[in-house]
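# Report on the structure
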Amino acid sequence: MAILIRNGRVLDPASRTDRVADVLIVEGCIAGVAAGLSAPKAEVIDASGMIVAPGFIDMHVHLREPGFEHAETIESGSRAAAAGGFTSICCMPNTKPVNDSATVTSYIVERARSQAVVNVFPIGAVTKGSAGEELAAIGAMKAAGAVAISDDGQPVTNSRVMRRAMEFARSYDLPVIDHCEDLGLSAGGDMHEGAQSVRWGLRGIPSAAEDTMVARDLLLAELTGARCHIAHISTRNAVAMVAHARRHGIAATCEATPHHFTLSDREMAAYDSNYKMKPPLRGPADRAAVAAGLASGAIDAIATDHAPHPGSEKMQEFERCPFGIIGLETAVALALEELVRPGRISLSRMVELFTTGPESVMRLGRGTLAPGAPGDVTVFSTGVSWTYDVNQSFSRSRNSPFDGRAFRGGPMVTVVNGQVVWRRA
Amino acid sequence: MHAGLLGIEELDRAEIEAILARAKDFQPIQSQSLKKLDTLRGKMIVNLFYEASTRTRTSFEIAAKRLGADAVSITASGSSVSKGESLVDTLNTLAAMRPDAIVMRHAASGAPHFLARHLPAPIINAGDGTHEHPTQALLDARTILDRRASLEGLRVAIIGDIAHSRVARSNVHLLAKFGVEIVLCGPASLLPPELAELAPGVRLTTDIRQAIRDADVIMMLRVQLERQHEASFPASEYFRFYGLRLEHLDLAKPDAIVMHPGPINRGRELSSEVADFQRSVILNQVENGIAVRMAVLERVIG
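The text that follows walks through the structure, step by step, so that each part is easy to find.

### What to know about the packing of helix H2 (residues 55-66) of chain B against helix H10 (residues 282-301) of chain B
Residues and elements named next belong to chain B. H10 packs onto H2 with a crossing angle of 55 degrees between their chain directions and a minimal axis gap of 8 Å. Considering the angle they form, H2 stands oblique to H10. The two elements H2 and H10 cross, and the hand of that crossing is right-handed. Judged by residue contacts, Arg-55, Thr-56, Ser-59, Phe-60, Ile-62, Ala-63, Ala-64 and Arg-66 of H2 engage Val-286, Gly-289, Ile-290, Arg-293, Met-294 and Leu-297 from H10. Class assignment for the residues of the contact of H2 with H10 results in eight nonpolar, three polar and three charged.

Written out as structure tokens, the structure reads:
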């Protein structure tokens, strides 16, 4: 089966392509990019007026399976990814059981093979049970398909353990992804510490809770030579520190979420748990620094930190609600609206942030339309008008602050390994 | 007006003035031998207290009864709360019994605001976490106005654990709307600098003498060890640096009054002599609590 995507603006930063052309996918792989291609038996997708890009990669999602299937499954999360224009997603290990062994990694890989409509790449735990003490079986997990290690959400507190983890990961050439949070400084906090938390009488999470751990990780990356990736960067100091470390040759990378470049604590609806996540929505200057970092190259990738929680958990007193929001279906539209339309970044830079950026960290062998590459393609529009209705989401959860938001621009067709897995209705 | 009373921040000056004026009408009733009106006869008020409180709950109960309404009080222990029912489910159950208002106290900031989005019954906030305690600020304003012609231009010092005080927040919002000069004072670990952004006319100081100098009103806050999630100051030296003693009062205006939302801790935030001082109006605050809550209940339900 072949697919011919015709007349779109082909934007592939990896091969420095930006021109109107056709893209032909044969037997699951990119067969060619050229004007006026013909393939008599191919399914034709008319992409006139649209942008045709390598399949987008989200390197930070929570699929909740195994263990929390009431919140999300590999299948439902993958469908939400497809509807968001993502062809590959990397899933965090905080499942039940924690993905800290080859057995769990293999289970996720197998479930994904039979259930998922997009490519799913597991991220293994750094420590057993993500308890922060004993290193997990990192080599075995890599052999089973893990592409990185992280104790996301339960960050490694003990710096000696983190040092060993980085050294160990280096021998397998795996990146170490850290959710940077000094748990002592953030303890009990529900939102960013600032004027808004003081006004609402909610306990704050200071920026310093993130910054101190980013500093530690960068120093450990220098010490160990490991590839260190800072997840969901949210403060101006953290962005500056990563940029500084890179100028000094440290192998550090980082990602930012759409909510952190779109919202600050000033835009939160009072006591609405759809605005509660970690790291929290920071101050306006932090939000601006994240957007600037995405433009300058200081930040490598946009990742959603898609974190489903069922309504029953989010319908509580703010301080009792769990942290996290879903984000797969709104990421591309938010990037277009908040970054591209105001002129902060070019369309081509946006595509980089969803393709070559995450690919350079995760090394999945994707993120390009070069001949022979996997047939993953994201077709999107900068003009389509649509409104996000969270009750129509493919996710099993509904925790989004962007429900009801009207967008201009968004994904149109998602092709994974030569199969159309989603198309805008 | 909003169907309920969640906080002072969202009220405007006219609404506050109306409540304070109505509370004044209710003041003489408190000392009459026949104290009961029939303004709210046949109305049902539920007092739902998720946090221990004797004075506020009693005050709301008496206010309801003096207006002729029926009131039931529910405290968290011994109710469905201890059986693990969620807040929304508990409130939905209560709302199905069609009360005319729910008076609620909760340890979580914003709990009444969250419920107000999901419930039809009007909610009166009787204190939410470290956020607001609107009827306390109203009764404090009533008490000041019983001794001063107007709030405009007064200088009010609020001293103690400001960070964790809902009384302080509600008072700041109310007083600022009337052009009061507000000085907040406490040890720096209980005085986040962002408090200065709460409202116009707010200054911060860590020096109790500076706070009291030329004050018309000194509001002492209860040092709430139960709301201290961590050690923010050494309890042993609190009184020495932030406790109010008689000699401090020489720095204030000669007719300055001392207030406290109660219950007081003699020897912790103020000395016993100050508590019994002739210009201490702590018991007048309690008395005004009923009149102010009558005015609020009448406004919300009447």
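### Regarding the interface of chain B and chain A
Of the residues lining the interface, 24 residues belong to chain B; the matching set on chain A comes to 15 residues. With both chains or domains summed, chain B and chain A bury close to 1,700 Å², and 56% of this area falls on carbon and sulfur atoms. It is B:Ser109, B:Phe114 and B:Glu194 that lose the most area in chain B upon contact with chain A, and together they represent 26% of the buried surface on that side. Across the chain B-chain A interface, the total number found is one salt bridge. Across the pair B:Glu9 and A:Arg199 runs a salt bridge, and its minimum N-O distance is 2.6 Å. Among the elements of the structure, helix H3 (87-96), helix H4 (111-116) and helix H6 (166-177) of chain B are those that each provide at least two residues to the side of chain B that touches chain A.

### Notes on the packing of aromatic side chains
Residues and elements named next belong to chain A. This structure, assessed with the given rule, holds nine aromatic pairs over all chains. Note on Phe-56 and Phe-354: the rings are 4.8 Å apart at their centroids and 10 degrees apart in plane angle, and the pair reads as stacked. One end of the pair, Phe-56, is in strand E6 (residues 56-61); the other, Phe-354, is in helix H13 (residues 347-354), with 298 residues separating them in the sequence. Assessed through its relative accessible area of 0%, Phe-354 is described here as buried. On the basis of an interplanar angle of 65 degrees and a centroid distance of 5.7 Å, the ring pair of Phe-86 and Phe-354 is categorised as edge-to-face. On the criterion of sequence distance, the pair formed by Phe-86 in strand E7 (residues 86-91) and Phe-354 in helix H13 is long-range, its members being 268 residues apart. Here the aromatic residues Phe-56, Phe-86, Phe-354 and Phe-380 are joined through ring pairs into a cluster of three or more. Over the face of the ring belonging to Phe-318 we find Lys-276, whose NZ or CZ atom lies 5.3 Å from the ring centre.

### Things to note about the packing of helix H1 (residues 13-26) of chain B against H10(B)
Working note: a packed helix pair is described by the angle between its axes plus the distance between those axes. Residues and elements named next belong to chain B. Put simply, H1 and H10 touch, their axes get as near as 8 Å, and they point 120 degrees apart. Considered as vectors, H1 and H10 are oriented oblique to each other. Helix-helix and strand crossings are classified by hand; for H1 and H10 the assignment is right-handed. Residue-level contacts link Glu-15, Ala-18, Ile-19, Arg-22, Ala-23 and Phe-26 of H1 to Ala-291, Val-292, Met-294, Ala-295, Val-296, Glu-298 and Arg-299 of H10.

### Examining the sheet that holds strand E10 (residues 176-178) of chain A
Residues and elements named next belong to chain A. With parallel pairing, the five strands of this open sheet are ordered in space as E9-E10-E13-E14-E15. For this open sheet the edge positions go to strand E9 (149-150) and strand E15 (301-302), each flanked by a neighbour on one side alone. By the bridge criterion, three bridges tie strand E13 (residues 228-230) to strand E14 (residues 252-256) in an arrangement that is parallel. The residue of E14 that forms the bridge with Cys-228 is Ala-252. This element, helix H4 (residues 159-171), spans E9, E10 and E13 of the sheet and lies at about 145 degrees to E10. Strands E13 and E14 of the sheet are contacted by helix H8 (residues 236-247), whose axis makes an angle of about 150 degrees with E14.

Basis of the calculations
- Residues numbered from 1 in each chain as written.
- Chains lettered and ligands numbered in written order.
- Predicted model: local features only at pLDDT ≥ 70, side-chain atom pairs only at ≥ 80, totals over all residues.
- Heavy atoms only, no water.
- Axes fitted to C-alpha atoms, helices over the stretch in contact; angles between N-to-C directions.
- Helix = DSSP H or I, 4+ residues; strand = E, 2+ residues; numbered from the N terminus.
- Parallel < 35°, antiparallel > 145°, perpendicular 65-115°, else oblique.
- Left-handed = near helix turned anticlockwise from the far one by under 90°.
- Contact = heavy atoms within 4.5 Å.
- Nonpolar A, V, L, I, M, F, W, Y, C, P; charged D, E, K, R; others polar.
- Buried area = accessible area lost by both parts, 1.4 Å probe.
- Salt bridge = Lys/Arg side-chain N within 4 Å of Asp/Glu carboxyl O.
- Phe/Tyr/Trp six-rings, centres within 6.5 Å; stacked < 30°, edge-to-face > 60°.
- Buried < 20%, exposed > 50% of the residue type's maximum accessible area, 1.4 Å probe, protein only.
- Lys NZ or Arg CZ within 6 Å of the ring centre and 35° of its normal.
- Pairing = 2+ DSSP bridges.

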